[in-house]
Amino acid sequence: MFCVSSTEIGAIMNITKGGLVLFSANSNSSCMELSKRIAERLGVEMGKVQVYQEPNRETRVQIQESVRGKDVFIIQTVSKDVNTTIMELLIMVYACKTSCAKSIIGVIPYFPYSKQCKMRKRGSIVSKLLASMMCKAGLTHLITMDLHQKEIQGFFNIPVDNLRASPFLLQYIQEEIPDYRNAVIVAKSPASAKRAQSFAERLRLGIAVIHGEAQDAESDMVDGRHSPPTAKNVAAIHPSLEIPMLIPKEKPPITVVGDVGGRIAIIV
């Protein structure tokens, strides 16, 4: 026979009242598959929730079980309809918040709008807006992978876990490419050379860089600096002022810096 103090009984009751609830935010096949695998690994059942679109494309969420005092994990993968995906997540997070969940953790492998994390011309930093919306909706923690820029974590006022996929990719290269020692890691542009160098150092391989490739949405052209300003009438500025001739930028021909002859090229 043994005795249990009132404090211990209270602690046990608090544990039984709490718990973990795992929700899949939409009916996307990839999201459902990921959620089921995580639930199987954790040994828990999927939470009951209904997410659907009204005829006018409004998103409706109905939580079909109690989440009061529980730790809620919401898994959301980004589909082709990115904006609907975001609204599903925000509404589900807000529904759990108003249902008195203890904590709400978002699991978003790919963070949408992450490439719009810098000011371009008269645009806006959309990833900052999205981070504010998630925090305001009630998210208390975010788990994501390979953010486009690490600085995006600073847009949140909640903890952010930025997981890396590189260990799995390195393992895949070592196990699935028989002659990977004869490979060379290739950076598709000078901007991606840092990540390619990280792969090359851990695999003990050489590195090459493609230079002169057509720039992406983060190029100088998008930022309005692809050519110098034209000064048609120098005398209008000042009669004695001489402005040197400015040469506009030109994209060099595509070249590969590094030795890739007869080797397996792994492009990062």
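What you see is a predicted model, and the numbers here were worked out from it, not measured in a lab.

### Regarding the pairing of strand E5 (residues 103-108)
- Within E5, six of the six residues are buried, which leaves it mostly tucked inside the rest of the structure.
- The alternating pattern of E5 places Ser103, Ile105 and Val107 and Ile104, Gly106 and Ile108 on opposite faces, both of which are buried.
- As judged from the five bridges shared by strand E4 (residues 71-75) and E5, these two strands associate in the parallel manner. Its bridge partner lying in E5, Ile74 is registered against Gly106.
- In this view, the connection linking E4 to its parallel neighbour E5 by way of helix H3 (residues 82-98) has right-handed handedness.
- Pairing geometry for E5 and strand E6 (residues 141-145), over four bridges, is parallel. Directly across from Gly106, in E6, lies its bridge partner Leu142.
- Each parallel crossover has a hand, and for E5 linked through helix H4 (residues 126-137) to E6 it is right-handed.

### Focus: the confidence of the model for the chain
- The predicted model of the chain has a mean per-residue pLDDT of 82, with 79% of residues at 70 or higher.
- Scored below 50 in pLDDT, residues 1-17 shows three contacts in the model against residues more than four places distant or in partner chains.

### Some details on helix H6 (residues 193-203)
- For H6, every residue scored as buried is listed here: Ala193, Ala196, Phe199, Ala200 and Leu203. The buried side chains of H6 occupy one side of the element, clustering within an arc of 120° when seen end-on.
- Elements that come into contact with the buried residues of H6 comprise helix H5 (166-176), strand E8 (183-187) and strand E9 (206-211).
- Downstream of H6 by one or two residues, Arg204 has phi in the positive range, about 60°.

### Here's the deal with the packing of H3 against H4
- Direction vectors running N to C along H3 and H4 enclose 25°, while the axes themselves pass 8 Å from each other. The orientation of H3 with respect to H4, classified from their angle, is roughly parallel. Residues Ile86, Leu89, Leu90, Val93, Tyr94 and Lys97 of H3 touch H4, and the partners they reach there are Leu130, Met133, Met134, Lys136 and Ala137.
- Split by residue class, the contact of H3 with H4 holds nine nonpolar, no polar and two charged.

### What to know about the pattern of salt bridges
- Summed over the entire model, instances satisfying the criterion amount to four salt bridges.
- We note a salt bridge from Arg37 to Glu33, for which the minimum N-O separation is 3.0 Å. Highlighted residues: Arg37 and Glu33, both in helix H2 (residues 29-42), separated by four residues, approximately one helical turn.
- Overall, the relative accessible area of 57% leaves Arg37 in the exposed class.
- The partner of Asp146 in a salt bridge is Arg164, and the shortest N-O contact between them spans 3.5 Å. Residue Asp146 is located in the loop between E6 and strand E7 (160-163), and its partner Arg164 is located in the loop between E7 and H5; the two are separated by 18 residues in the primary sequence.

### So, the nonpolar core
- Counting residues in hydrophobic clusters, the biggest one holds 32 residues, and the most contacted among them are Phe23, Val72, Ile74, Phe111, Met134 and Phe156.
- Secondary-structure elements contributing two or more residues to this core are strand E1 (20-24), E4, H3, E5 and H4.
- If we skip the residues at most four places from it in the chain, Met134 touches Leu89, Leu90, Ile108, Phe111, Leu139 and Phe156.
- If you look at the next biggest cluster of nonpolar residues, it comprises 15 residues, including Leu170, Tyr180, Ile185 and Ile266.

What counts and how
- Residues numbered from 1 in each chain as written.
- Predicted model: local features only at pLDDT ≥ 70, side-chain atom pairs only at ≥ 80, totals over all residues.
- Heavy atoms only, no water.
- Buried < 20%, exposed > 50% of the residue type's maximum accessible area, 1.4 Å probe, protein only.
- Helix = DSSP H or I, 4+ residues; strand = E, 2+ residues; numbered from the N terminus.
- Pairing = 2+ DSSP bridges.
- Right-handed = clockwise from strand over helix to strand, strands pointing away.
- pLDDT = per-residue confidence, 0-100.
- Contact = heavy atoms within 4.5 Å.
- Arc of directions from axis to C-beta.
- Axes fitted to C-alpha atoms, helices over the stretch in contact; angles between N-to-C directions.
- Parallel < 35°, antiparallel > 145°, perpendicular 65-115°, else oblique.
- Nonpolar A, V, L, I, M, F, W, Y, C, P; charged D, E, K, R; others polar.
- Salt bridge = Lys/Arg side-chain N within 4 Å of Asp/Glu carboxyl O.
- Core = buried A, V, L, I, M, F, W, Y, C linked by side-chain atoms within 4.5 Å.

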